[in-house]
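Each chain is listed here by its residues.
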Amino acid sequence: MKLQLSFLFLILTFISYSQISQSEIESKVYEKIKTHKKKLSNYKELSLDTTMSNSCRKHSKYMCVNNDLVHITSFDGIKGKSEIIQVATCYDSDVDKLATKILNNFLNSPSHKKNIEESSTLIGVGIHIKTIKTVFGDEVITSQEVWVTIRFF
């Protein structure tokens, strides 16, 4: 049986004075997507897949390290289709608000919304965080770019 794969990418830059946890964001994004999908008539139980999440993490890191929002149709030997990339800015390090912002950005894009709302039973969520320090006068602001890859099967 051939599996259909969809990629969703997002760079989210936000300013915070505290570090955020990669695993917390991944878990919260998964919860938000699952809650959204439960409201749909075609909902099937959605499970978080560790192998897919690891692959998503590697892809997010690859994009960040190379500073390249690249759509890869085959990553880690997993084939699928890629979608557009979105960029958003958030000024809050609250994980719940960040996950809500990520989901809302995806839902505001017709192609991403379609992928989220299609009948799928497995999801992979992978985050990579890049910390940036910026000096404004005598104040140092810590920015974190959050690179997100989400795959559905």
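Residues numbered from 1 in each chain as written. Predicted model: local features only at pLDDT ≥ 70, side-chain atom pairs only at ≥ 80, totals over all residues. Heavy atoms only, no water.

### Regarding the overall build of the protein chain
When helices and strands are tallied, the protein chain shows four helices and seven strands. Along its sequence from the N terminus, the protein chain presents helices and strands in the succession β-α-β-α-β-β-β-α-α-β-β. The long-range fraction of contacts in the protein chain, counting pairs at least 24 apart against all pairs at least 6 apart in sequence, stands at 76%. In the structure as shown, the protein chain presents an accessible area of about 7,800 Å², 51% of it carried by carbon and sulfur atoms. (Helix = DSSP H or I, 4+ residues; strand = E, 2+ residues; numbered from the N terminus. Contact = heavy atoms within 4.5 Å. Areas by Shrake-Rupley, 256 points an atom, 1.4 Å probe, with all protein chains shown as cover.)

### A word on the nonpolar core
If you look at the biggest cluster of nonpolar residues, it comprises 22 residues, and the most contacted ones within it are Ile-25, Val-29, Ile-33, Ile-123 and Ile-150. Broken down by secondary-structure element, the contributors of at least two residues to this core are helix 1 (22–38), helix 3 (95–107), strand 6 (122–136) and strand 7 (139–152). Here this core gets seven residues from one element, more than from any other, and that element is helix 3. Discounting chain neighbours no more than four positions away, the residues touching Ile-33 are Leu-46, Leu-103, Ile-116, Ile-123, Ile-150 and Phe-152. (Core = buried A, V, L, I, M, F, W, Y, C linked by side-chain atoms within 4.5 Å. Buried < 20%, exposed > 50% of the residue type's maximum accessible area, 1.4 Å probe, protein only.)

### Some details on the confidence of the model for the protein chain
Mean pLDDT over the protein chain works out to 77, with 74% of the residues at or above the 70 mark. Below a pLDDT of 50 lies the segment residues 1–5, which in the model reaches 11 contacts outside its immediate sequence neighbourhood of four places, other chains included. With pLDDT under 50 throughout, residues 13–17 is counted as low confidence; its partners more than four residues away or in other chains account for 27 contacts. (pLDDT = per-residue confidence, 0-100.)

### Looking at the packing of helix 3 against helix 4 (residues 110–117)
Following both chains from N to C, one finds helix 3 and helix 4 inclined at 110 degrees, their axes separated by 6 Å at the closest point. The pairing of helix 3 with helix 4 is recorded here as roughly perpendicular in orientation. Between helix 3, through Leu-103, Phe-106 and Leu-107, and helix 4, the contact on the second element is made entirely by His-112, Lys-113, Ile-116 and Glu-117. Grouping the constituent residues of the contact of helix 3 with helix 4 by class yields four nonpolar, one polar and two charged. (Axes fitted to C-alpha atoms, helices over the stretch in contact; angles between N-to-C directions. Parallel < 35°, antiparallel > 145°, perpendicular 65-115°, else oblique. Nonpolar A, V, L, I, M, F, W, Y, C, P; charged D, E, K, R; others polar.)

### Thoughts on the pattern of salt bridges
For the structure shown, the criterion picks out five salt bridges. Between Lys-28 and Asp-96 there is a salt bridge, with the nearest N and O atoms lying 3.7 Å from each other. Residue Lys-28 is located in helix 1, and its partner Asp-96 is located in helix 3; the two are separated by 68 residues in the primary sequence. As a salt-bridge pair, Asp-96 and Lys-32 come within 3.0 Å of each other at their nearest N and O atoms. Taken together, the residues Asp-96 in helix 3 and Lys-32 in helix 1 connect sequence positions 64 residues apart. One continuous salt-bridge network, built from bridges that share partners, spans Lys-28, Glu-31, Lys-32 and Asp-96. (Salt bridge = Lys/Arg side-chain N within 4 Å of Asp/Glu carboxyl O.)

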